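Analysis of the macromolecular model
Each chain, written out:
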Amino acid sequence: MNKIQAALRDQILDTVKNIKKHKVGEILNWLLRNQIAKYSLANDYYFSTQFTLDQVKKMNLDVTKRSIKTKKNKITYEHPIPSKVVFDLILKAKSEIEIIDILKKTDYIVILSHYEDEKLRAKGLISSMPEGWSYGDNVFARYEKANIEVLTKKIKMTGAIRR
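Sequence order sets the numbering: in each chain, residues are counted from 1 along the sequence as written. In keeping with the predicted nature of the model, local features appear solely for residues at pLDDT of at least 70, side-chain atom pairs appear and are counted solely at 80 or more, and the whole-chain, interface and lining totals rest on all residues. Hydrogens are left out, water is left out, and the side-chain values use all remaining heavy atoms of the structure.

Before going further, it helps to examine the overall build of the chain. Under the DSSP-based scheme used, a helix requires at least four consecutive residues in state H or I and a strand at least two consecutive residues in state E, with every element numbered from the N terminus. Helix and strand counts for the chain come out as seven helices and four strands. Reading the helices (α) and strands (β) of the chain from amino to carboxyl end gives α-α-β-α-β-α-α-β-α-α-β. Within these notes, the globule rule equals 2.2 Å times the number of residues to the 0.38 power, and the radius of gyration is based on C-alpha atoms. In terms of overall dimensions, the chain is globule-like: its C-alpha atoms have a radius of gyration of 16 Å, near the 15 Å expected for 163 residues. Throughout, exposure labels follow a simple rule: accessible area from a 1.4 Å probe, protein chains only, divided by the maximum for the residue type, with under 20% read as buried, over 50% as exposed, and the rest as partly exposed. Scored against the burial criterion, the 163 residues of the chain give a buried share of 45%. If you sum the accessible surface of the chain, you get close to 9300 Å²; carbon and sulfur atoms cover 53% of it. Here Asp and Glu are counted as negative and Lys and Arg as positive; His is not counted, and neither are the chain ends. For the purpose of locating charges, the reference atoms are NZ of Lys, CZ of Arg, CG of Asp and CD of Glu. Side chains of the chain give 31 positive and 19 negative charges; the mean places of these two sets differ by 5 Å. Only the protein chains shown count as covering a residue, and every accessible area follows the Shrake-Rupley method with a 1.4 Å probe.

Before going further, it helps to examine the pattern of salt bridges. In what follows, salt bridge is the name for a side-chain nitrogen of Lys or Arg lying within 4 Å of a carboxyl oxygen of Asp or Glu. As enumerated under the stated definition, the model contains seven salt bridges in all. For K17, the salt bridge is made with E96, and the minimal N-O distance between the two is 3.1 Å. One end of the pair, K17, is in helix 1 (residues 3–22); the other, E96, is in helix 5 (residues 96–105), with 79 residues separating them in the sequence. On the basis of relative accessibility, which here comes to 46%, the residue K17 falls in the partly exposed class.

Attention shifts here to the packing of helix 4 (residues 83–92) against helix 5. Where helix 4 meets helix 5, the axes come as close as 9 Å, and the angle between the chain directions of the two elements is 160 degrees. As summarised for this structure, helix 4 and helix 5 are arranged roughly antiparallel, according to the angle between their axes. Considering only the axes of helix 4 and helix 5, their crossing is right-handed. Across the interface between the two elements, V86, L89 and I90 of helix 4 pack against I99, I102 and L103 of helix 5. Under the scheme applied here, ten amino acids are nonpolar (Ala, Val, Leu, Ile, Met, Phe, Trp, Tyr, Cys and Pro), four are charged (Asp, Glu, Lys and Arg), and all others, including Gly, are polar. Residue composition of the contact of helix 4 with helix 5, grouped by class: six nonpolar, no polar and no charged. All axes are obtained by fitting lines to C-alpha atoms, using only the stretch in contact for helices, and the reported angles, taken between N-to-C directions, cover 0 to 180 degrees. We call two directions roughly parallel when the angle between them is under 35 degrees, roughly antiparallel when it is over 145, roughly perpendicular when it lies between 65 and 115, and oblique otherwise. By definition, turning the near helix anticlockwise from the far helix through less than a right angle yields a left-handed crossing, and turning it clockwise yields a right-handed one. Here, residues are in contact when the closest pair of their heavy atoms is within 4.5 Å.

Let us now look at the nonpolar core. Nine residue types can take part in a nonpolar core, namely buried Ala, Val, Leu, Ile, Met, Phe, Trp, Tyr and Cys, and a core is a set of them joined through side-chain atoms within 4.5 Å. Of all hydrophobic cores here, the largest spans 34 residues; its most connected members are I12, L32, I90, I99 and Y143. With near-sequence residues (within four places) excluded, I12 lies in contact with L32, Q35, I36, Y39, I90, I99 and L103. In this structure, Y46, V56, V63 and I75 belong to the second largest nonpolar core, which totals eleven residues.

Let us now look at the packing of aromatic side chains. When two rings of Phe, Tyr or Trp (its six-membered ring) have centres within 6.5 Å they constitute a pair, described as stacked for plane angles under 30 degrees, edge-to-face for angles over 60, and tilted for the intermediate range. Throughout the structure, instances matching the rule amount to six aromatic pairs. With 5.2 Å between their ring centres and 75 degrees between their planes, Y46 and Y77 make a pair best called edge-to-face. Of this pair, Y46 sits in strand 1 (residues 45–48) while Y77 sits in strand 2 (residues 75–78); the two residues are 31 residues apart in sequence, bridging distant segments of the chain. Given a relative accessible area of 0%, Y46 falls into the buried group.

It is worth spelling out the packing of helix 1 against helix 2 (residues 26–41) at this point. Contact geometry for helix 1 and helix 2: axes closest at 9 Å, N-to-C directions at 160 degrees. When the interaxial angle is binned, helix 1 and helix 2 end up roughly antiparallel. Seen from above, helix 1 lies across helix 2 with left-handed handedness. Taken together, the residues of helix 2 that come into contact with helix 1 (itself represented by Q5, L8, R9, Q11, I12, T15, V16, N18 and I19) are L28, N29, L31, L32, Q35, I36, K38, Y39 and S40. The residue makeup of the contact of helix 1 with helix 2, split by class, is nine nonpolar, seven polar and two charged.

What follows deals with the sheet that holds strand 4 (residues 155–156). Two strands are counted as paired when DSSP detects at least two bridges linking them. Pairing in this open sheet of four strands is mixed, and the strands run 2-3-1-4 from one edge to the other. The open sheet has two free edges, formed respectively by strand 2 and strand 4, since each of these has just one partner strand. Running at roughly 65 degrees to strand 3 (residues 110–113), helix 3 (residues 50–58) makes contact with strand 1, strand 2, strand 3 and strand 4 of the sheet.

Below, the structure is given as structure tokens:
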């Protein structure tokens, strides 16, 4: 966990407290979902696929720069466990320690081409995990279901966080 993630973790814990205390609905839920997404996007290392790396190379782009995520470049940053799923897990958590554990165990980003992202969409896996998946199971289960192979080598990222 880096400094930005530590700050976001603290914000997430405070937002969860406020959601439970004030019960004001959607505005705080929206804030929490965005904080959760930013938490993983702030990670210093991302995963990718060979297909995406080949596409990035053909376009003469630097995969380590977060700024390559654009519609023009047809690149996206994907949460292996969708932020909505992490949000639901966090709201069910019984303690701050459990929330921190959830954040640690779901702290992954995969750089994907739009082509691969469409494969997830075709399987109905854009904002949900495969049927039968439970917290603690393989975090890359959606990709396996869509026949997308995530490489094990991590990529050190630079630049501003992009959502």
